[in-house]
Amino acid sequence: YDRRLDLLLSTNIIESGLDIPNANTLIVHRADRFGLAQLYQLRGRIGRAKLRAYAYFTFPADMKLRELAEKRLQVIQSLDGLGAGFQLASHDLDIRGAGNLLGDEQSGHVREVGFELYNHMLEEAVAEIRSRQAAGEAQPAEDWTPQITIDAAALMPESYIGDLDTRLAMYRRLAALEDPAELDAFAAELVDRFGPMPPETEQLLRIIGIKQLCKQAHVAKLEVGPKGVVMVFHDNRFPQPERLIRHITESRGRMRVRPDHRLVVLQETKSPKERLELAHRTVAELAALAG
């Protein structure tokens, strides 16, 4: 920093906002060990003046890179223009998967299209609030969306839809579907444009269909495991309580209500496919009862 030596040897701590305008060359040792966002931040430490800057991301010549590490380095190499931050974030989301926006998980598989659905709802909520503010109207009651937990892989893989922008656009469209007819039309379009759907994409569409039924059945949270199903109703209320009580009684012990107001369905399943079928059948029955 005092220009006594033209070399700074450091850990990746320098990614946290270090600003040395005269630094014009960066060498990252074992770049395969860094995340995509880290590499992008490290690269941003140089080229902060008018001098042309150079970033070298290195790894041993005789080492075979892991698939994800190689993909990260390919992405960082391709994003060499100004304003590439959003593209990098999209690639990072695609590589690592979306995390839990309301929790502490930083990465994961896009099992419930959580990020896209949340983003879609946020856009709708902001637009509605702005329109109501402009008209001087009161704010409406908060909307809600069902939360589903099923250990079934649910995504549109890169091997099915190769282009990232197209894949993200399809996720956004899928998150906006509201009824079974739209979902069927979307599935037909996928097959027409990209060919037969892989199992994880079929399961993704199945989960979206279950979410639509959960909305009709006023099920705010649905958890499906090997031993059965646990459900939480929105505001702990069901539109037709007398029908629900009769349905539980007729189940002969297969369904019961716990003291914490959670509805439990006891039925063992051996595979994600069976659990999806059980979830769909259960919420479909409740949707019919809800009227």
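Here the structure is shown first, and the text comes after it.
Now for a quick tour of the structure. For clarity, every value in this text was computed on a predicted model and none was experimentally measured.

Moving on: the pattern of salt bridges. Should their charged atoms come close, side chains of opposite charge can pair. Evaluated as defined, the whole model comprises twelve salt bridges. A salt bridge links D32 to R30, with the shortest nitrogen-to-oxygen separation between them at 2.9 Å. Here D32 matches R30 in class, with each residue buried. Among the ionic pairs, E189 bridges to R193, the shortest N-O distance being 3.2 Å. Of this pair, E189 and R193 both sit in helix α6 (residues 180-194), separated by four residues, roughly a single helical turn. Overall, R193 belongs to the partly exposed group, its relative accessible area being 45%. Through salt bridges with shared partners, one network takes in R173, E189 and R193.

Listed as buried for helix α8 (residues 241-250) are L244, H247 and I248. Take α8 and look down its axis: the buried residues cluster within an arc of 100°, on one side only. Within α8, the exposed residues directed more than 90 degrees away from the buried face are I245, T249 and E250. Residues of α8 that are buried in the fold lie against β5 (228-233), β6 (255-257), β7 (263-266) and α9 (272-290). Just downstream of α8 lies R252, where phi reads positive at about 55°.

Here is what the cut-offs are and how they apply
- Residues numbered from 1 in each chain as written.
- Predicted model: local features only at pLDDT ≥ 70, side-chain atom pairs only at ≥ 80, totals over all residues.
- Heavy atoms only, no water.
- Salt bridge = Lys/Arg side-chain N within 4 Å of Asp/Glu carboxyl O.
- Buried < 20%, exposed > 50% of the residue type's maximum accessible area, 1.4 Å probe, protein only.
- Helix = DSSP H or I, 4+ residues; strand = E, 2+ residues; numbered from the N terminus.
- Arc of directions from axis to C-beta.
- Contact = heavy atoms within 4.5 Å.

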